[in-house]
Amino acid sequence: MGFRLPGIRRGNQAALKSVDVPKGYLAVYVGETEKKRFVIPVSYLNQPLFQDLLCQAEKEFGYDHPMGGLTIPCKQDIFEDITSRLNGED
């Protein structure tokens, strides 16, 4: 079993590569105008700093994310700063 992403067929290797994310990770799109894709650990979802970003995304997009995946409306450098804190690299 497992889950399936809408619009992705098993035989379409190009489409599969675009959504290839390791187990335990999540792809998010970050940026105010130009979006960049980041692959982050799902453990970030429990962190208060990251939950603040999720609240921003909910206020801006609700459940209709323009990139087809979770889109976070903040500057990329701020996102990178937050993820480095979550990694303990500050």
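In what follows, the structure referred to is the one given above.
In this text, all values refer to a predicted model and were calculated from it rather than measured experimentally.

1. A look at the overall build of the protein chain
Along its length, the protein chain carries three helices and three strands. Tracing the protein chain from N to C terminus, the helices and strands come up as α-β-β-α-β-α. Look at the contacts in the protein chain between residues 6 or more apart in sequence, and 43% of them connect residues 24 or more apart. Accessible area for the protein chain stands at about 6,800 Å²; split by element, carbon and sulfur atoms hold 50% of it.

2. Considering the pattern of salt bridges
Applying the stated criterion to the full structure yields two salt bridges. Glu-80 is the salt-bridge partner of Lys-36, the closest N and O atoms lying 3.8 Å from each other. With Lys-36 in strand S2 (residues 36-41) and Glu-80 in helix H3 (residues 76-87), the pair connects residues that are 44 residues apart, well separated along the chain. Across the pair Arg-85 and Asp-81 runs a salt bridge whose closest N-O atoms are separated by 3.1 Å. On the criterion of helical spacing, the pair formed by Arg-85 and Asp-81 is a turn pair, its members being four residues apart in helix H3. The exposure class of Arg-85 is partly exposed, given its relative accessible area of 45%. Judged by relative accessible area, which is 35%, Asp-81 ranks as partly exposed.

3. Focus on the nonpolar core
Within the largest apolar cluster, 11 residues are counted, these being Val-28, Val-30, Phe-38, Ile-40, Tyr-44, Phe-50, Leu-53, Ile-72, Cys-74, Phe-79 and Ile-82. For this core, the elements supplying multiple residues, two or more each, are strand S1 (25-30), S2, helix H2 (48-61) and H3. Every residue in contact with Leu-53, bar those within four places of it in the chain, is listed here: Ile-72, Cys-74, Phe-79 and Ile-82.

4. Quick look at the sheet that holds S1
Spatially, S2-S1-S3 is the arrangement adopted by the three strands of the open sheet, whose pairing is mixed. Since the sheet does not close on itself, it has two edges, and those belong to S2 and strand S3 (70-72), each with one partner. When strand polarity is set aside, the average angle formed by the axes of neighbouring strands in this sheet is 40 degrees. Looking at chain direction, S1 and S3 are connected through three bridges and run parallel. For Tyr-29, the partnering residue across the bridge sits in S3 and is Thr-71.

Reading guide: rules and limits
- Residues numbered from 1 in each chain as written.
- Predicted model: local features only at pLDDT ≥ 70, side-chain atom pairs only at ≥ 80, totals over all residues.
- Heavy atoms only, no water.
- Helix = DSSP H or I, 4+ residues; strand = E, 2+ residues; numbered from the N terminus.
- Contact = heavy atoms within 4.5 Å.
- Areas by Shrake-Rupley, 256 points an atom, 1.4 Å probe, with all protein chains shown as cover.
- Salt bridge = Lys/Arg side-chain N within 4 Å of Asp/Glu carboxyl O.
- Buried < 20%, exposed > 50% of the residue type's maximum accessible area, 1.4 Å probe, protein only.
- Core = buried A, V, L, I, M, F, W, Y, C linked by side-chain atoms within 4.5 Å.
- Pairing = 2+ DSSP bridges.
- Axes fitted to C-alpha atoms, helices over the stretch in contact; angles between N-to-C directions.

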